[in-house]
Amino acid sequence: MLKFQNYIDGEWHDAADTVDVRDPANGELLGSVADGGAAGAEAAVAAASAAFPAWSRCTAGERATVLKRWYQLIVDNSDDLALILSLEQGKPVAEAKGEILYGASFIEWFAEECRRAYGQTIPTHNAAMRLNTIRQPVGVVSCITPWNFPNAMITRKAGPALAAGCTVVIKPALETPLSALALCQLAEEAGLPKGTINVVIGSDAAGIGKVLTQDPRVAKFTFTGSTAVGKLLMSQCASTVKKMSMELGGNAPFIVFDDADMDTAISACMATKFRNAGQVCVATNRIYVHESVHDEFVEKLRAQVAGLKIGHATEAGVTMGPMIYRRAVDRVQELVQDAVAAGAKIEIGGEQLANGENYFAPTVLTGVMDTMRIAQEEIFGPLAAVQKFSDEDEVIRRANETPYGLAAYVMSENIRRANRVVEALDYGMIACNTGVFSTAVAPFGGVKESGIGREGGVEGMAEFYETKYACFGV
Ligand SMILES: NC(=O)c1ccc[n+]([C@@H]2O[C@H](COP(=O)([O-])OP(=O)(O)OC[C@H]3O[C@@H](n4cnc5c(N)ncnc54)[C@H](O)[C@@H]3O)[C@@H](O)[C@H]2O)c1
Ligand SMILES: O=CCCC(=O)O
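Just so it is clear, the model here is predicted, and its values are computed rather than measured.

## Observations concerning the site of ligand 1
Step number 1: The environment of ligand 1 is formed by 28 residues, the closest being Thr 145, Trp 147, Ser 226, Leu 248 and Glu 378.
Step number 2: One of the side-chain nitrogen or oxygen atoms of Trp 147 is found 2.9 Å away from an oxygen atom of ligand 1.
Step number 3: Where the shell around ligand 1 is concerned, the elements lending two or more residues are α5 (152-164), α7 (205-214), β10 (218-224) and α8 (227-237).
Step number 4: A per-class count over the shell around ligand 1 returns 17 nonpolar, seven polar and four charged.

Right, dumping it as structure tokens:
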């Protein structure tokens, strides 16, 4: 499944230039991939556009059959896919395997869901008229995805789009193209018709992005990545009034009340803070702990963090790998220095590791304040930044004081309080007494500057349909 060419119109394409893909743990060259660029994107859009009429006219059952074959091939090859993902992205192989199965689940679930694209018969307002709606695929869908989940961020878009009858063009992140290309190889084996799925790799992200956001043949653009890039791409989509979905950055509060079960809170915090070395959009960013349980929480968290095993993704027992590249490490180091200079205390970690230039120690900081950069920016690294709070209203206010609104976490054994807080937090997703909540069956997405639209669940399917209203005179 190791492929190094772009996949356009059911064929593997070379390009004049190539881009190197390296293991972030040690810089080892994994291969050089064809640099398709804007010209590749143009060709891919043309192919997707040509393939759309036939694919959109298939019955839902026909599309479901092909997509289920793709799902099964991904599951059958999940060990190899996990290894490819780990080598280009750095997460431990067991975690990568989890992502592959999570990614596959979107294809399976949407293959089933597309059979239920029901329209409506609307009770008429006029006896001489009959009113119906039908749901139709939006058309060609372009997707830009990030490096932190090189498999699942693609299947979460391509799964529902293809199931709805759309065709897709995908630009994965430059750091992690191999997982995307491996998915294409399996899509081909599954029998997805040529042109229905296309992948273009390129060092010229802006050039490819312009094609995918401005070409009039593209009906919908779906993006996962940073809020800054998302805003730029939204403005580019305006020229042709494209439908858009935006899955952007977060600044998740993790609130531990004095009535929380401490073991649950610690394991949830570990899961949401150190998975993928903290490089997760829904990763905990600001940890608010009630002052009466603060010291106990910090001590237990420190002990768990000390037990993490850091190393190469393929080493047995490793629980945390490197960060994606050097500038991510430098940024995390800067955030620590900024916080310490303003009075925060390092409980554990706080420095780069000798394993390699992309490794940063899992870190716990206390004495953090809302005014520090670490509390205001998306950390995207293995830093747990702990603050104290005194009462419920105060912590809700502080948790909501951010332009982001992706995920939030609430730890409390008091059902009344948990309900109150869930309702009061301005976030698209709230996890209560757990750190793991993402699933293909539920809507994933944010409010405020964390995005527009939802992926997963019936809401995720609706993003790829237009509702057409038909009025018949009788
Ligand atoms: N909300 C979610 O579901 C979700 C999921 C994963 C990651 N993210 C967010 O993604 C960010 C991390 O990923 P990243 O650093 O790769 O983000 P990024 O925005 O830098 O890059 C994301 C993608 O956009 C491309 N890109 C960058 N500049 C572009 C341009 N000018 N035109 C077109 N494409 C361009 C990149 O090549 C990559 O494919 C974090 O902010 C994280 O929270 C959000
Ligand atoms: O980084 C964002 C995706 C994380 C998830 O789907 O749980």
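## Some thoughts on the packing of aromatic side chains
Step number 1: For the structure shown, the criterion picks out ten aromatic pairs.
Step number 2: Between Phe 257 and Phe 389 the ring centres are 5.5 Å apart and the planes differ by 85°, which places this aromatic pair in the edge-to-face class. Of this pair, Phe 257 sits in the loop between β12 (252-256) and α9 (262-274) while Phe 389 is found in strand β16 (residues 383-389), placing the two residues 132 residues apart along the sequence.
Step number 3: In this structure an aromatic cluster arises from ring pairing among Phe 254, Tyr 409, Phe 437 and Phe 444.

## Section: the nonpolar core
One broad rule of soluble globular proteins: the nonpolar side chains tend to lie buried together.
Step number 1: Ranked by size, the top nonpolar core spans 98 residues in total, and within it Trp 70, Phe 297 and Leu 301 carry the most contacts.
Step number 2: Counting contributing residues, this core receives three or more from each of domain 1 (6-248 + 450-473) and domain 2 (252-440).
Step number 3: The contacts of Trp 70, once residues within four sequence positions are left out, are Ile 107, Leu 162, Leu 183, Leu 186, Ala 187, Ala 190, Leu 192 and Ile 197.

## Looking at the environment of Arg 417
Step number 1: Positionally, Arg 417 belongs in helix α14 (residues 415-424).
Step number 2: Sequence separation between Arg 417 and Glu 392 is 25 residues; the distance between their C-alpha atoms is 8.6 Å.
Step number 3: In this structure, Arg 417 is in contact with Phe 257, Asp 258, Asp 259, Glu 392 and Ser 412, ignoring residues within four places of it in sequence.
Step number 4: Reaching out from Arg 417, the side chain makes a polar contact with the side chain of Asp 258 at a distance of 3.4 Å.

Scoring rules and cut-offs
Residues numbered from 1 in each chain as written. Chains lettered and ligands numbered in written order. Predicted model: local features only at pLDDT ≥ 70, side-chain atom pairs only at ≥ 80, totals over all residues. Heavy atoms only, no water. Near = heavy atom within 4 Å. Polar contact = N/O pair within 3.5 Å; in protein donor to acceptor, adjacent residues only side chain to side chain. Helix = DSSP H or I, 4+ residues; strand = E, 2+ residues; numbered from the N terminus. Nonpolar A, V, L, I, M, F, W, Y, C, P; charged D, E, K, R; others polar. Phe/Tyr/Trp six-rings, centres within 6.5 Å; stacked < 30°, edge-to-face > 60°. Core = buried A, V, L, I, M, F, W, Y, C linked by side-chain atoms within 4.5 Å. Buried < 20%, exposed > 50% of the residue type's maximum accessible area, 1.4 Å probe, protein only. Domains from an automatic or database assignment. Contact = heavy atoms within 4.5 Å.

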